[in-house]
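Spelled out, the chains give:
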Amino acid sequence: MSERVAIFDTTLRDGEQSPGCSMNLEEKLRLARQLDALGVDVIEAGFPIASDDDFAAVREVARTCRRPVIAALCRTTPEDIERAWEALSEAARPRIHTFVATSDIHLQFKLQKTREEVIEMAANAVRMARRFTDDVEFSAEDATRSDLDYLCQVITAVIEEGATVVNIPDTVGYTIPAEYSYIIGTLKERVPNIDRAVISVHCHNDLGLGVANSLAAVAAGARQIECTINGIGERAGNASLEEIVMALRVRKDLMPFETGIVTEEIYRTSQALSNITGVHVQPNKAVVGKNAFAHEAGIHQHGVLKNRLTYEIMTPESVGVKTNSIVLGKHSGRHALNKKYEEMGYQLSRPELDKAYKLFTKLADQKKEIFEEDLMAILQDGIAQIPERFKLRSVQATAGTSTMSTALVTLADSKTEEVETQTSAGDGPVNAVYQAIDKITGLAGNLIDYTVRSISRGTDAVGEVFVHVEFEDVSYTGKAASTDIVDASARAYLNAVNKALYAKERKLTLSVTN
Ligand code: KIV
Ligand code: ZN
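Each chain carries its own residue numbering, running from 1 in the written order of its sequence. Each chain takes a letter, starting from A, and each ligand takes a number, starting from 1, following the order in which they are written. Reporting in this predicted model follows two pLDDT cut-offs: at least 70 for local features of residues, and 80 or more for side-chain atom pairs to be given and counted; totals over whole chains, interfaces and linings ignore these cut-offs and use all residues. Computation of side-chain values covers all heavy atoms of the structure but excludes hydrogens and water.

Caption draft 1: Summary view of the overall build of the chain. Where helices and strands are cited, they refer to DSSP runs of H or I of at least four residues and of E of at least two residues respectively, numbered from the N terminus. Scanning the chain from terminus to terminus reveals 16 helices and 16 strands. In terms of principal-axis extent, the alpha carbons of the chain reach across some 100 × 55 × 40 Å. Among the 514 residues that make up the chain, the fraction classed as buried is 52%. Working rule for contacts: check all heavy atoms of both residues, and any pair within 4.5 Å makes them a contact. Considering only residue pairs separated by 6 or more positions, the chain has 64% of its internal contacts joining residues 24 or more positions apart. To measure how exposed things are, a 1.4 Å probe is used in the Shrake-Rupley method; for residues, cover is taken only from the protein chains shown. For the chain, the exposed surface amounts to about 24,000 Å²; the carbon and sulfur share of it is 50%. Think of it this way: Lys and Arg go in the positive column, Asp and Glu in the negative one, and His and the chain ends go nowhere. By convention, the charge on Lys lies at NZ, on Arg at CZ, on Asp at CG and on Glu at CD. Mean positive and mean negative side-chain charge positions of the chain (57 and 73 charges, respectively) differ by 5 Å. Burial classes: relative accessible area under 20% of the type maximum marks a residue as buried, over 50% as exposed, and values in between as partly exposed (1.4 Å probe, protein chains only).

Here is the structure:
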């Protein structure tokens, strides 16, 4: 059986420190619930001494999320540790996470302490924290720029005082995989009591190596990874949770480790964070970017449609993305276009597809992305010979400043060969006409857009009416021209009605033949 690697999520603490990513209490709680659903082992909910808001966030997350361990960050001072514990007091599974820097640069310029003093601060803090809880994590800030012998001494001392997790952060994103692996290997070799603690890693992404470094550390013996959703965090961010988890899952052949993450919740969590912070992930971001599963190049689309394994190393469904989107653009091929029409419920004949493809490439030269509405327009206006199921026999409408508009419409149904007349009242003559038509056809249209323009001169000018109508949430266009605007309006609407009926019929035929 594979070994388990714990996922420690610090989106609410280190992630929240990134510019533009601050969250209020209600937002933190919403995200914490989603992190719980995602299956993270630890939620680091905040740094309680930093502010009252952070304190409240830790306390509320601890009250709300009962399954994961809830961690609270603190420096090594007694006040920090007490405040962290106060915030955690109602947690089902509390963890105090205390830290102090161990690199000479930090000791000299930030802490102004000697190495001996820092070891003592670290050991005292862990001893004190252990009085509150038996789950205590110690972080050696800037570990990767610390003297390795000294780091070994610090880690030995804190484990001696009862630290159950020892974290070796790459605080400034400075290390590289081989070096990080060496540091973890050395700790395993030289820290005599290392077996009494879990080694944790925490990587920042200043050189874009956060995920690679985390994975190298796991291969060298680390069993907890600290990371954030969408990789948010200080400066260039933290190692991204979704990338780490999916790398472990996809390359299990080389990294035989389990996580408790419900990968199908990844996309939802990423979206929840983006929606809360308003900070969106770049389209080409691994795993959760908008384009992560989108194939535009014709050759790729063809391959994916035949067998997804050709260009996909994981399925979109495995991270909770509904389907791989075939993005139609100028690089798309006939195959992808056909597939998209099939997805929309249309089966085109070979000549229809040829014609559609020609119109599609013409449009794709003018437009970056082609949407379903564009494909519908190609189908409706360029390809299909739409049968005129309903024909207008006559229309009369009354309108005036002090009367309610009414309409009298007669239609012939080419399918049933019946002729039917209906009357209706409405807000204006066009609305009355459309309501009378709906009564006869049995369809309820929702008029989205109506435009009329004159296409010749004079008071007897021919007017062209263009409508955009939705039937059962699918939109159809219709147009007609006449010297009588009411007549043109009725026929434009009927044009859309006939397209809707035709589309419905084709879909029915498709489901019957399937
Ligand atoms: O980057 C870092 O060193 C940290 C510690 C506080 C764990 O965030
Ligand atoms: Zn950090």
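Caption draft 2: Expanded view of the coordination of the zinc ion (ligand 2). Water is absent from the atoms considered, so a metal site may look incomplete; donors are defined as N, O and S atoms within 2.8 Å of the metal, or 3.2 Å for Na, K and Ca. All of the protein donors around the zinc ion (ligand 2) are D14 (OD), H202 (NE2) and H204 (NE2); their distances to the metal are 2.0 to 2.1 Å. Site description for the zinc ion (ligand 2): donor spacing in sequence, D-x187-H-x1-H. Of this pair, D14 sits in the loop between β2 (6–9) and α1 (25–38) while H202 sits in strand β8 (residues 198–203), and the two are 188 residues apart along the sequence. Here D14 and H202 have matching classes, each one buried.

Caption draft 3: Looking closely at the state of the cysteines. Cysteine sulfur atoms that pair up within 2.5 Å are treated as a disulfide. Enumeration according to the criterion identifies zero disulfides in this entry. Free cysteine: C65, not disulfide-bonded; nearest cysteine sulfur from C227 at 16 Å. Look at C65 and you get buried, because its relative accessible area is 2%.

Caption draft 4: Main features of the sheet that holds strand β9 (residues 224–227). At least two bridges found by DSSP between two strands are what make those strands a pair. Reading around the barrel, the eight strands line up as β2-β3-β4-β5-β6-β7-β8-β9 and close back on themselves, with parallel pairing between neighbours. Shown here is a sheet whose adjacent strand axes are inclined to one another by a mean of 25°, direction ignored. Strand direction decides the pairing type here: strand β6 (residues 136–141) and strand β7 (residues 165–170), joined by three bridges, are parallel. Each bridged residue has a counterpart across the sheet, and for F138 the counterpart in β7 is V166. Lines are fitted to the C-alpha atoms to define the axes, a helix being fitted only along its stretch in contact, and any angle between axes, read from their N-to-C directions, falls within 0 to 180 degrees. Strand contacts of helix α4 (residues 104–111): β5 (94–101) and β6, with the helix running at about 85° to β5, the strand carrying the most contacts. Packing of helix α6 (residues 148–160) onto the sheet brings it into contact with β6 and β7, and relative to β7 it is tilted by some 150°.

Caption draft 5: Here's a closer look at the confidence of the model for the chain. What pLDDT expresses is the predictor's confidence in each residue, scored from 0 to 100. Per-chain confidence: the chain averages 91 in pLDDT, with 95% of residues scoring 70 or above. This stretch, residues 509–514, has a pLDDT under 50; its non-local contacts, to residues over four places away or in other chains, come to three contacts.

Caption draft 6: Region of the structure containing the pattern of salt bridges. Here, a salt bridge means any side-chain nitrogen of Lys or Arg that lies within 4 Å of a carboxyl oxygen of Asp or Glu. The full count for this structure, using the stated rule, is 36 salt bridges. Across the salt bridge formed by D149 and R190, the nearest N and O atoms sit 2.5 Å from each other. With D149 in helix α6 and R190 in helix α7 (residues 177–190), this residue pair connects regions lying 41 residues apart in the sequence. When its relative accessible area of 43% is taken as the criterion, D149 is described as partly exposed. A salt bridge links R453 to E464; its shortest N-O distance comes to 3.0 Å. Taken together, the residues R453 in strand β14 (residues 446–454) and E464 in strand β15 (residues 463–471) connect sequence positions eleven residues apart. Among the residues examined, R453 registers a relative accessible area of 51% and is labelled exposed. According to the relative accessible area criterion, E464 is buried, its value standing at 18%. Overlapping salt bridges, with partners in common, bring together R59, E60, R63 and E90 in one network.

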